[in-house]
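Report on the structure
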Amino acid sequence: MASVTTTAPSKPPVQERGTFSKKFNFNYFVQDNVTGSRGLIIWVSFLALINLGLLFQQFNNAPGRTWIIFGIWAVTVLGTVVGELFTLHIGATRWLKENMFNSVSNALLTLLLALLVGIVVAGLWSWGVVNATFDPQLTHPDVRTFDGASWGVIWGARKLLLTGLLEPEQSWRVILWTVTILALWALSFIGTREQTRETRWGTLVRQFANVGWLLSPFLSYIFLAGLEYTEPFIDPRRLIIGTIVFSAIMGILWFFKVIQLTPITTALWVLSWPAAYLMWRGITLWNANAELFTTIDPDRWGGLLLTVIFAIFVNLLSLPIGILLALGRRADVQGIPWWILWPVAIGLTAWGLYSSTFGNCIGTIPALCENVNLWATSRNTVEQIVAFWPLLIPLATWAFLRSFNGNFLQAFSVLFIEIIRGVPLITLLFMAIIMAPFFLPEDSQGLSNFWAVIVGYTIFTSSYTAELVRGGLQAIPKGQYEAADSLGINTLQKYRFIILPQALRILIPPLAGAVIGTFKSSSLVALVGMIDLVGSTKAIIANSQWLGLRTELYVFMFVLYFLVSSIVSWYSRRLEERTGLGVR
Amino acid sequence: MAQTTVNPPGSDANIPPPPEEQGIGARVLSYIFDIRFLGVLGQIAFILLLIIGAQRIFSNFGSNVDKLGRAQFICRDGRFAYRCAYDFMETQAGFDIDDTVLDYVNTDSFWWALTNGIVNTFRVGLLALIATTILGTVMGVARLSENWLVSRLSLAYIEIIRNTPILVQLLLLYFSVILALPDIKDALQPFNLPIYLSNRGLIMAWPQFMSSAAIWLAFLILGIIQFQVMWVYLTRREERTGQDSNKVGWGIAGFLIIAVIGWFISASVSDNEGLLIADNARIDQVEDFENVMLSRAGINHISELETLPEEELTAVTLDVCVLRESPSEANFVNRLARNGIPFKISRNGSPAKAMDKYVDGSCEMFAAPVSILAAERATLENPNDHIIVPIDEQPLVWSIPRFERFNIIGGTTLTPEYFALFLGLTIFYAGGLAEVVRAGILSVSKGQTEAARALGLSEGQRLNLIVLPQALRVIIPPLISTYLSLMKDTSLGVAVAFQDVYLVSQTLMNQSGRALQIMIILMLVYLAISLFFSAVLNWYNDRVVITER
Amino acid sequence: MTATMEGPEATKVKDVIVCRDVHKWYGDFEALKGVDLTVTAGEVVVILGPSGSGKSTFIRCMNRLEEHQEGRIIIDGIELTHDVRNISEIRREVGMVFQQFNLFPHLTVLENITLAPINVRKWTREKAEDLAVTWLTRVGIPEQADKYPGQLSGGQQQRVAIARALTMQPKILLFDEPTSALDPEMISEVLDVMRDLARAGYTIVAVTHEMGFAREVANRIIFMDGGEIVEENTPTDFFNNPTHERTKLFLSQILNH
C-alpha cells in the first residue's frame with residue numbers, strides 16, 4: 001500500500017512486508033515478487049523470457065527505437081528503485097511506483113507493452129506518414145511503387161465517398177443541405193446554452209432554429225430529392241403520405257413529450273405547409289428551365305450522404321414505433337376471454353381442416369386457392385401429416401391464453417420484438433429488398449431499394465428501441481403510476497405527463513448509444529448492394545485509377561466512424577448533463 | 001360534526017341499488033363502459049385492423065405470387081402446387097463450398113449445401129464465442145489493472161472497437177491484414193511452433209484420432225468415473241475423520257494414471273493401420289525402413305543422409321501414397337519422421353487413385369487402414385507379390401504441417417475467410433464483453449472484500465467464494481446476450497465470402513430463384529439459435545432468483 | 001381565504017363511504033375477508049393494525065388502486081365497479097396521500113399540484129395556480145412553489161403531496177401511512193396539517209401508526225387484523241377499554257416499547 005511509506009513506522013515487521021515497506025528487506029522483496037507461489041514464478045519467468053526475446057529481436061531490427069524505449073524504461077525503473085531504497089520519492093517517481101512498477105511482474109509487463117506499442121506505432125507511422133504519398137494526382141501503376149499509404153485516393157475519390165453515384169453537378173445541393181442542417185444545429189446549440197437561454201436574443205435564436213427545424217423536412221426534400229417541374233409539381237400521393245407520416249411522427253413525439261411545441265411553433269408549423277408549397281411553386285416558376293433542384297432518384301444517393309440519411313431517417317422513425325411497442329408490451333388490459341377465443345379457434349380449425357382434406361379453397365385469392373387440398377395431393381406420410389396443419393391453431397390458442405392470458409396487445413408486441421431481435425439485421429435488409437416486390441400493388445413501379453432498406457432497418461431498430469424504452473419504463477417506481485391514478489388522470493395523460501418524460505430522461509444515454517449503433521450498423525446496407533460509405537469503396541477499388549487501394553479507404557472509414565461516434569457520444573453526455581439537471 | 005355511531009349494514013337509504021336491480025338502460029351502459037369490455041373491444045379492433053392491413057398486403061402478395069412467383073411452387077412433374085414449395089431443395093446445388101467439414105461436392109443437393117452452411121455458422125460462431133469469453137475477460141480485468149499502461153491500453157482497445165462498425169473492422173482485418181500476410185512459401189512461424197500464418201490462412205498442428213481412440217476414450221471415461229468416486233470417498237472420509245486431503249490433486253493423479261495406462265493398452269492392442277508394399281522390398285516391419293534406407297544410400301548411419309547431394313537424396317527418398325488428410329497419413333508420416341527417414345507423400349482422394357499410382361510405380365507403398373488395403377490388394381494382378389505390413393498406432397496422432405515444395409501440407413487449415421471472421425467477431429465482441437466484465441467486478445462492493453478478509457479467507461478463497469459468484473450474477477445475463485448477438489453477426493461472413501448459412505442461402509436463392517422458401521428457412525435457423533440462448537438466459541435467471549431467496 | 005378553502009364541498013349523500021362485505025384475494029391469499037365500513041361526511045376514521053393486516057389494501061381499494069373481487073364499495077353514492085366512468089369520477093372526488101409521497105420528480109412543486117386540476121378538472125392555468133398557491137400557503141410552504149421535489153425535505157414533500165391532493169377539491173381524503181417515511185422531527189409538521197384538515201370538516205380515512213393523532217383527532221378507530229375488522233370504537237374506548245384480545249395485544253406491543 002502506498003501509505004505505508006509514511007505511516008506506521010512502529011508496527012511489527014510482519015506488517016511492513018510488501019514491496020514498499022519502509023525498511024527494504026531483500027528477502028521479503030524476492031518472496032513477494034518472484035518466489036511467492038509457483039504460479040508467480042512461472043508468470044514472472046515467462047514475462048522475462050518474452051521480454052528478452054523481444055528485446056533481442058528488436059535490438060536487431062530497430063536499434064534506435066528500442067534503445068530509446070529500453071533506456072526510458074531502465075531510467076524510470078532505476079529512479080523508482082532509488083526512490084524506494086533511500087525513501088527519496090518525488091512526485092514523479094511516486095506516480096511511477098504506484099502505476100507502473102509496483103511489482104517485478106508489472107515492471108516487466110510495462111516494458112513488454114511499451115515495446116509492443118513501439119512496434120505498432122512505428123509500423124503505422126512509417127506506413128501512414130513517412131513512406132506515404134499524399135498526392136491525389138498519383139494514379140494506378142505509380143501508386144503501387146510506394147511502401148506506404150497512398151492517401152491521395154481519398155481526395156481523388158471524394159465525390160464517391162461523400163455522395164456516391166450522385167451526379168457531380170448536383171453535389172452543391174448536398175453541401176447546401178449539410179450547411180443548413182449544421183447551421184440549425186449550431187443555432188439550437190447556442191440558443192439552449194445556459195448563458196444565452198434567458199436572454200432576449202437567445203430566445204430569438206432558439207425560436208428561429210425551431211422554425212428552421214420545422215421547415216427542415218421540406219428543405220431536405222427539395223435539396224436532396226428535388227422537384228417535379230411538370231404539373232402537378234409534386235406527386236400528390238407522395239405529398240399526402242409524407243404529410244401523414246411526418247405529422248404522425250411529430251405528433252407522437254410531441255405527445256410523448258420528446259419534443260415541445262408551443263402554440264406559436266405549432267401555428268408556424270401548420271402554416272409552413274402552404275409556405276412550403278409556395279416556395280415550391282416559386283422555385284419552379286422562377287426557374288422554369290428546370291436547372292435547379294431537379295429530381296434525384298433516392299437510389300442515386302450514396303456515400304457518406306446515404307449513411308447519414310439512413311441514420312437520421314431510421315432513428316426518427318424507430319423512436320415513436322419503439323415507444324408504442326414498449327407500451328404494447330407492458331399493456332395491462334383485460335385479455336380476450338376464452339369463451340370468445342375458443343369458438344373462433346375451433347371454427348377456424350374446422351374450416352382449415354375441411355379445406356385441406358376435403359375442400360379445395362380457403363380464400364378468394366385465386367393464387368392461394370389452387371391445390372390447397374393437401375391430403376388429396378399428398379405423396380408421402382410427411383405431406384399427409386402436413387395436411388393437418390390447422391391443428392396448430394388450437395395449439396397456438398392454448399399457448400396464447402396460457403402465456404398472455406388473452407392479452408393480444410402484449411402478445412403482438414412481444415412476438416414482434418422477439419422475432420425481429422432474433423434475426424440478424426442483414427437478413428432483414430435482404431428480405432426487405434427481396435420481398436418488397438411481392439407485397440406492392442401491381443401497378444406501382446416498385447419500391448426503390450432505398451425505401452425497402454429503410455423499412456427493414458426501421459423495423460429492426462424499433463425492436464431494439466422498444467426494449468430500451470421498456471427498460472426505462474420499468475425503472476419508474478410504481479408509486480408514480482399510483483399517484484397519477486389517485487389524481488384521476490387518465491392513462492394517456494399519465495404516460496404523457498408523468499411516465500414517459502421521466503423514462504425518456506433516464507433513457508438519454510442508452511438512446512444515444514442506440515443512435516450511434518444505428519449509425520455504425522448502417523454500414524451493413526453495403527452488403528445488400530447499397531452504395532453507402534462502405535459500399536462506395538467497392539466502386540473505388542474497382543476503378544482502374546486506384547486499383548487495389550483498399551487499406552487506405554478502410555482506415556479512412558475506420559477513423560471517420562470513430563470520430564463521428566465519439567462526437568455523438570460526447571454530445572449525448574452534454575445533453576444528459578443539461579437535462580439531468582441538478583434538480584433531482 | 002360526525003357521529004360516532006356504527007351504522008348497521010344494509011340500513012342506509014342512500015346506497016344505490018346493486019347493479020342487478022338497476023334499470024335496463026343503466027345496466028347496458030355500465031356494461032359498455034366496463035373497463036374489461038373496453039379493453040377486449042380495443043384488442044378486437046386492433047386484430048381486425050391487422051387483418052385488414054394483412055389482407056391488403058396479401059392480396060397484392062397473392063396476385064404478385066401469381067405474376068412473379070408462380071414458378072416457385074412448381075412440382076417436379078411440372079404441376080403447380082403449394083406442397084411442392086420445397087421440392088427444388090432436392091436438386092443438385094451446382095456450386096462449391098470451399099470450406100466444409102462435412103463431405104460436400106457440388107453435385108450434392110441444396111439441402112446438403114444448406115446443412116453445410118449451418119455447420120459453418122456454428123463452427124465459426126462457437127469458436128468465436130469461446131475466444132470472446134477469454135479475450136473479453138482478460139481485457140475487462142486489464143481495464144482494472146493497477147498498471148497504468150495496461151489499463152490505458154485496454155481502455156483504448158475498448159473505445160476504438162466499440163466506436164467503429166464491425167463491418168469495417170472485418171474488412172480491414174481480412175483485406176488489409178490477413179490477405180496482406182506473406183505468401184505461403186514465406187509463411188510466418190511464431191516461436192517455431194507448428195503454426196504457419198500466410199495469406200492462405202492459419203495452418204496449425206491438429207490432433208487426429210486413430211481407430212484405437214475408441215478404446216482410449218473408454219479409459220478416459222473410466223478416469224472421470226474414478227475422479228468422481230475418489231472425490232466422494234475422500235469427502236466422506238473428510239467428514240468422518242476430519243482428515244484434510246487434496247481431493248482435486250488425488251483425482252487428477254488417478255485420472256492421469258488411468259489415461260496413461262489406457263494409452264499404452266489401446267496402442268498395443270490396435271492392429272488397424274497397415275502399409276501395402278511389394279514383397280521383394282525386404283520390409284516386414286516398420287523398423288526395417290532404416291536398414292533399407294542405409295543400404296539404398298550406401299551409408300552407415302541415418303544421420304549421414306544430410307551429407308548426401310540433392311539428386312541422390314531424391315533418389316533414395318521413399319514415395320508414399322496416402323489418402324488425403326486421413327489419420328493414417330499423419331500416423332505414418334510421424335513414424336517415418338521420428339526415424340529421420342526421407343519420404344515424399346502423394347495424397348489421393350480415393351483408394352482407387354492411390355492404387356493406380358501404386359500399380360504404375362509412382363509410389364512404392366500405400367499407407368491406409370488394413371481393411372482398405374486388404375480389399376485393394378485383392379484387386380491387384382498378383383496379390384501374393386504384395387504384403388501388408390502392420391504399423392503400430394497410438395490412439396491420437398498429431399498431424400503436423402510441413403513444407404513440401406512451395407506448399408504446406410498436413411495439419412489443419414483455417415481459411416483466411418474463416419480466420420478473419422473468427423478474429424473479427426472475437427475482437428469486436430470482446431470489446432463489449434470487457435465492459436460487462438468490468439462492471440461485474442466493480443459491482444461487488446468493497447464491503448464484501450473487507451468482510452471476507454475479516455473472516456480470514458485467503459485471497460484465492462475470497463475470489464472463488466465471495467467475489468466471483470456475485471460478479472457472475474451481474475455478468476452472465478449480458479454475457480448471454482453478447483453470445484446471441486455474436487451468433488447472429490456470423491452472417492457478416494458474407495463480407496469476407498465465408499460460406500455460412502446466410503451466404504449459402506443467398507447463393508441458393510440466386511441458383512433457384514426461390515426467395516420465399518429459403519428466407520423462411522433462414523429465419524427459422526436464426527430464430528432457433530436465438531430461442532436457444534433466450535432459453536438458457538431464462539433458465540439462469542430462474543435459477544438465480546431461486547438461490548437468492 | 002376563500003370559502004372553498006375552509007372546508008370541502010358538500011357531499012351528495014350522508015354516508016360518503018359505504019363498504020359492504022369487501023373481499024380481496026392475491027392469488028390464493030385472502031387479503032380482505034369481508035370488510036364492512038360506513039363513513040359519514042366529515043368523519044375522521046383511523047385504521048390501525050399490525051403490518052400485513054390488510055389495512056393498506058383496504059384503503060387502496062377505496063379509490064381502485066387495488067381491485068376488490070367481492071362485495072360493494074360505494075363512494076359518495078357512486079359504486080366502484082369496472083365502469084370507467086365511475087372509476088374516474090370517484091378518483092376525482094377522493095384524494096390520496098402516500099407513504100412515499102410519490103411526487104413527480106421532473107415537475108416543479110407548482111406543476112405537480114396543477115397538473116391534475118388542469119387536465120382532469122379542466123380549469124384554466126390561472127385558477128389552478130391560484131388555488132395551488134393558496135393551498136401551499138395553508139400547508140406552510142408557499143416559497144417552495146418553483147422548486148423541484150428533490151430539493152425539499154421529506155416533511156415538505158409530504159405537505160406538497162397533501163396540497164396536491166387538496167387542490168383537486170376532493171370530498172374524501174385517504175392517508176396511507178403518511179408519516180412512516182419521515183424523519184421524527186418532520187412528523188409533527190405533517191400531523192399539524194392533517195389535524196387542520198380534520199377540523200375543517202374533511203372526511204378522512206387514515207392508516208397510521210401515530211397513536212397520539214388517532215386519540216386526539218379521530219372520531220372512530222378501526223382495528224384490523226388478518227384481513228378483518230376486529231374492533232370498531234371511539235378513541236377513548238379503544239385505548240382505555242379495548243374489548244378484543246387481539247386489540248389488547250396490539251396496544252400492549254405498540255405502547256410499551
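The notes below deal with the structure included here. Every value quoted in this text rests on a predicted model; they were computed, and no experiment measured them.

On to the state of the cysteines, then. Residue and element names in this part refer to chain B. Using the criterion set out here, one finds one disulfide over all chains in the structure. Put simply, cysteine 321 and cysteine 363 are joined by a disulfide, and their sulfur atoms are 2.0 Å apart. On the S-S bond that ties cysteine 321 to cysteine 363, the torsion sits near -95 degrees, and the link is left-handed. Of the two residues, cysteine 321 is situated in strand S5 (residues 318-323) and cysteine 363 in the loop between helix H11 (351-360) and strand S7 (365-369); the sequence distance between them amounts to 42 residues.

Glancing now at the packing of helix H6 (residues 154-167) of chain C against helix H7 (residues 184-199) of chain C. Residues and elements named next belong to chain C. It is at 8 Å that the axes of H6 and H7 come closest, and there the two elements cross at 20 degrees. With respect to H7, the axis of H6 lies roughly parallel. You can see that H6 and H7 cross each other, and the crossing is right-handed. Contacts between H6 and H7 involve Gly154, Gly155, Gln156, Gln158, Arg159, Ile162 and Leu166 from the first element and Met186, Glu189, Val190, Val193, Met194 and Leu197 from the second. Considering only residue class, the contact of H6 with H7 consists of seven nonpolar, four polar and two charged.

So, on to the nonpolar core. The biggest cluster of nonpolar side chains holds 201 residues, and the ones touching the most others in it are Trp301, Phe310 and Leu473 of chain A, Phe95 of chain B together with Ile17 and Phe58 of chain C. No other element matches helix H17 (residues 515-548) of chain B, which puts 14 residues into this core. Here leucine 473 of chain A is in contact with Ala326, Leu327, Arg330, Tyr481, Tyr495, Ile499, Leu500 and Ala503 of chain A, once residues within four sequence places are set aside. Core analysis: the second largest hydrophobic core is formed by 52 residues, Phe101, Val139, Leu197 and Met211 of chain C among them.

When the parts of a complex come together, some accessible area is lost, and that lost area is often taken as the interface size. On the side of chain A, 67 residues touch chain B, which itself brings 65 residues to the contact. Between chain B and chain A lies a buried interface of about 6,100 Å² when both sides are counted; carbon and sulfur atoms form 71% of it. Our enumeration of links across chain B and chain A arrives at zero salt bridges. At the surface where chain B touches chain A, the tally comes to ten residue pairs in polar contact (both at pLDDT 80 or more). Every element with two or more residues in the side of chain B that touches chain A is listed here: helix H2 (35-68), helix H4 (148-162), helix H5 (166-178), helix H16 (501-512) and H17 of chain B. Here the side of chain B that touches chain A takes 19 residues from H2 of chain B, the largest share from any one element.

Further remarks concern the pattern of salt bridges. For the structure on display, the rule yields 33 salt bridges over all chains. Measuring nitrogen to oxygen at the nearest pair gives 3.9 Å for the salt bridge that ties arginine 91 of chain C to aspartate 485 of chain A. Placement of the pair is arginine 91 of chain C in helix H3 (residues 84-93) and aspartate 485 of chain A in helix H23 (residues 478-486), with the two residues belonging to separate chains. Owing to a relative accessible area of 13%, arginine 91 of chain C belongs among the buried residues under this scheme. One salt bridge connects lysine 171 of chain C with aspartate 76 of chain C, and the closest N-O pair in it is separated by 3.3 Å. In this pair, lysine 171 of chain C is assigned in the loop between H6 and strand S7 (172-176) and aspartate 76 of chain C in the loop between strand S4 (70-75) and strand S5 (78-79), connecting sequence segments 95 residues apart. Judged by relative accessible area, which is 11%, lysine 171 of chain C ranks as buried. For aspartate 76 of chain C, a relative accessible area of 3% corresponds to the buried category. Linked through salt bridges whose partners overlap, the residues forming this network are Lys478 and Glu482 of chain A together with Lys24, Arg60 and Glu66 of chain C.

Inspection of every chain in the model, using the stated rule, returns 42 aromatic pairs over all chains. Plain terms: the ring middles of phenylalanine 223 of chain C and phenylalanine 250 of chain C are 4.9 Å apart, the flat faces sit at 45 degrees to each other, and that makes the pair tilted. With phenylalanine 223 of chain C in strand S9 (residues 220-225) and phenylalanine 250 of chain C in helix H10 (residues 245-255), this pair connects stretches of sequence that are 27 residues apart. Phenylalanine 223 of chain C sits in the buried class, given a relative accessible area of 1%. Ring-pair connections join several aromatic residues into one group, and the members of that group are Trp301, Phe310, Phe313, Phe450, Trp451 and Tyr457 of chain A. Sitting over the face of the ring of phenylalanine 175 of chain B, arginine 550 of chain A holds its NZ or CZ atom 3.7 Å from the ring centroid.

Think of a sheet as strands paired side by side through backbone hydrogen bonds, with each pair either parallel or antiparallel. Residues and elements named next belong to chain B. Within the open sheet, the three strands sit side by side as S1-S2-S12. Their pairing is antiparallel. In the strand order of this sheet, the two ends are held by strand S1 (195-198) and strand S12 (412-414), each with one partner. Each adjacent strand pair in this sheet contributes to an overall mean axis angle of 20 degrees, direction not counted. Pairing geometry for strand S2 (residues 201-204) and S12, over three bridges, is antiparallel. Bridge pairing links isoleucine 203 to threonine 413 in S12. Across the sheet, helix H13 (residues 416-443) touches S1, S2 and S12, and the angle it forms with S12 is around 60 degrees.

Now for the environment of valine 35 of chain C. Residues and elements named next belong to chain C. Of note, valine 35 is situated in strand S2 (residues 29-40). By relative accessible area, valine 35 is classed as buried at 1%. Excluding residues within four positions of it along the chain, valine 35 makes contact with Cys19, Arg20, Asp21, Val22, Phe58, Met224, Gly227 and Ile229.

Time to look at the pairing of S7 of chain C. All names here are of chain C. With five of five residues buried, S7 lies mostly within the body of the structure. Burial of the side chains of S7 extends over both faces: Ile172, Leu174 and Asp176 are buried on one face and Leu173 and Phe175 on the other. Sheet analysis places S7 next to strand S8 (residues 203-207), joined by five bridges and oriented parallel. Note that in S8 the partner of leucine 174 across the bridge is valine 205. Crossover handedness for the path S7 to H7 to S8: right-handed.

To continue, consider unusual backbone geometry. All names here are of chain C. Even without glycine at this site, aspartate 21 takes up a positive phi of about 55 degrees. Position of aspartate 21 relative to the elements: it lies in strand S1 (residues 15-26). Residue aspartate 21 is classed as partly exposed on the basis of its relative accessible area of 40%. Even without glycine at this site, aspartate 76 takes up a positive phi of about 45 degrees.

Next up on the list: the sheet that holds strand S10 (residues 228-233) of chain C. Residue and element names in this part refer to chain C. Pairing within the open sheet is mixed, and its six strands lie in the order S6-S7-S8-S3-S9-S10. In the strand order of this sheet, the two ends are held by strand S6 (94-97) and S10, each with one partner. The sheet shows a mean angle of 20 degrees between the axes of neighbouring strands, direction not considered. As paired elements, S9 and S10 share five bridges and run antiparallel to each other. Residue pairing for S10: aspartate 225 is matched across the bridge by glutamate 228. Packed on one face of the sheet, H6 meets S6 and S7 and runs near 170 degrees to S6.

Rules of the game
Residues numbered from 1 in each chain as written. Chains lettered and ligands numbered in written order. Predicted model: local features only at pLDDT ≥ 70, side-chain atom pairs only at ≥ 80, totals over all residues. Heavy atoms only, no water. Disulfide = S-S within 2.5 Å. Helix = DSSP H or I, 4+ residues; strand = E, 2+ residues; numbered from the N terminus. Axes fitted to C-alpha atoms, helices over the stretch in contact; angles between N-to-C directions. Parallel < 35°, antiparallel > 145°, perpendicular 65-115°, else oblique. Left-handed = near helix turned anticlockwise from the far one by under 90°. Contact = heavy atoms within 4.5 Å. Nonpolar A, V, L, I, M, F, W, Y, C, P; charged D, E, K, R; others polar. Core = buried A, V, L, I, M, F, W, Y, C linked by side-chain atoms within 4.5 Å. Buried < 20%, exposed > 50% of the residue type's maximum accessible area, 1.4 Å probe, protein only. Buried area = accessible area lost by both parts, 1.4 Å probe. Salt bridge = Lys/Arg side-chain N within 4 Å of Asp/Glu carboxyl O. Polar contact = N/O pair within 3.5 Å; in protein donor to acceptor, adjacent residues only side chain to side chain. Phe/Tyr/Trp six-rings, centres within 6.5 Å; stacked < 30°, edge-to-face > 60°. Lys NZ or Arg CZ within 6 Å of the ring centre and 35° of its normal. Pairing = 2+ DSSP bridges. Right-handed = clockwise from strand over helix to strand, strands pointing away.

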